[in-house]
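# Analysis of the macromolecular model
One-letter residues, chain by chain:
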Amino acid sequence: SENAVPSPLCAYGKSKYEAEQIVLAASPGNLVLRTAILYGPDPRRLNTVYQVLKAFREQRVLKVATDQVGSPTYGPEAAWATFELLTAAASGIYHVVGPTMLSRSAFGRLVCEVFHIPASQVLEERSTSELGQVAPRPLAAGLLEARLHKQLGRSLVTPKEGLESLRDFIAHEL
């Protein structure tokens, strides 16, 4: 929950947590939003979905972690939730995340399913220890969204719904 004290593993995570503390200490009315695995329309095409699509086009394999779990969040929904929270003058910490926790590899497989790409041709599933990532990554980075749901009256869309919407957006973009 939002009340849990984070224990960041790397400099990036530590800097985010320190920034949260500064924002919250500045005023009790301030709002901090935490999100995870953001995906959606991206002009720079850098998020996970675009990386999977690019790897497929280039006939490359993308290595994805089987044991890093997060909460995939559709960007347009996160933007809507942010607007709603600001309009309601919400304060404190909110997890602005999708309602489903998935491993990075499960999310990659779902991307492949929605975009009709054979996952076996584009994804190479590995444990975090096998990936050799420079910065340490948390394995359990999924966030609970109960407070957000209560405030908004609904959850954000599921990863599958968000990916279907993104698929339709990309089809109209071409």
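The notes below deal with the structure included here. (Residues numbered from 1 in each chain as written. Predicted model: local features only at pLDDT ≥ 70, side-chain atom pairs only at ≥ 80, totals over all residues. Heavy atoms only, no water.)

### With respect to the overall build of the chain
In plain terms, the rule: Labels follow the DSSP assignment, with helices taken as runs of H or I lasting at least four residues and strands as runs of E lasting at least two, numbered in each case from the N terminus. Both definitions apply: the radius of gyration is a C-alpha atom measure, and the globule rule equals 2.2 Å times residues to the power 0.38. For this analysis, residues touch if any pair of their heavy atoms sits within 4.5 Å.
Summing up its helical and strand segments, the chain has eight helices and eight strands in all. Computed over its C-alpha atoms, the radius of gyration of the chain comes to 17 Å, within 12% of the 16 Å expected for a compact globule of 174 residues. With respect to the three principal axes, the spread of C-alpha positions in the chain is 50 × 40 × 25 Å. Pairs at least 24 residues apart make up 84% of the contacts formed inside the chain by residues separated by at least 6 positions.

### Observations concerning helix α3 (residues 75-87)
Rules: Given the number of residues in a helix, its expected span is that number minus one, multiplied by 1.5 Å. Classification of residues uses two cut-offs on accessible area relative to the type maximum, computed with a 1.4 Å probe and protein chains only: under 20% is buried, over 50% is exposed, and between them is partly exposed. The arc under discussion is defined with respect to the helix axis, by the directions toward the C-beta atoms.
For α3, which comprises 13 residues, the first-to-last C-alpha distance of 18 Å matches the rise-based estimate of 18 Å (1.5 Å per residue) to within 8%. All buried positions along α3 are accounted for by Glu77, Ala78, Ala81 and Leu85. Looking straight down α3, one finds that the buried residues subtend no more than 100° of arc, so they occupy a single side. When the buried face of α3 is taken as reference, the exposed residues oriented beyond 90 degrees from it are Phe83, Leu86 and Thr87. Among the structural elements, β1 (31-34), β2 (38-39), β5 (73-74), β6 (92-95) and α7 (146-152) are those in contact with the buried residues of α3. One or two positions beyond α3, positive phi appears at Ala89, with a value near 55°.

### Description of the packing of helix α4 (residues 104-114) against helix α8 (residues 159-173)
The test is simple: Structural elements are reduced to axes, namely lines fitted to C-alpha atoms, with helices fitted over the stretch in contact, and the angle between N-to-C directions of any two is expressed from 0 to 180 degrees. Roughly parallel means an angle under 35 degrees; roughly antiparallel means over 145; roughly perpendicular covers 65 to 115; every other angle is labelled oblique. Left-handed describes a crossing whose near helix is turned anticlockwise from the far helix by less than a right angle; the clockwise case is right-handed. Side-chain classes are defined by residue name, with Ala, Val, Leu, Ile, Met, Phe, Trp, Tyr, Cys and Pro counting as nonpolar, Asp, Glu, Lys and Arg as charged, and the others, Gly among them, as polar.
Between α4 and α8, the shortest axis-to-axis distance is 10 Å and the interhelical angle comes to 45°. Here α4 is positioned oblique relative to α8, judged by the angle of their axes. The interaxial crossing formed by α4 with α8 has right-handed handedness. Residues Phe107, Leu110, Val111, Glu113 and Val114 of α4 pack against Pro159, Lys160, Leu163, Glu164 and Arg167 of α8. Among the residues making up the contact of α4 with α8, the classes are represented as six nonpolar, no polar and four charged.

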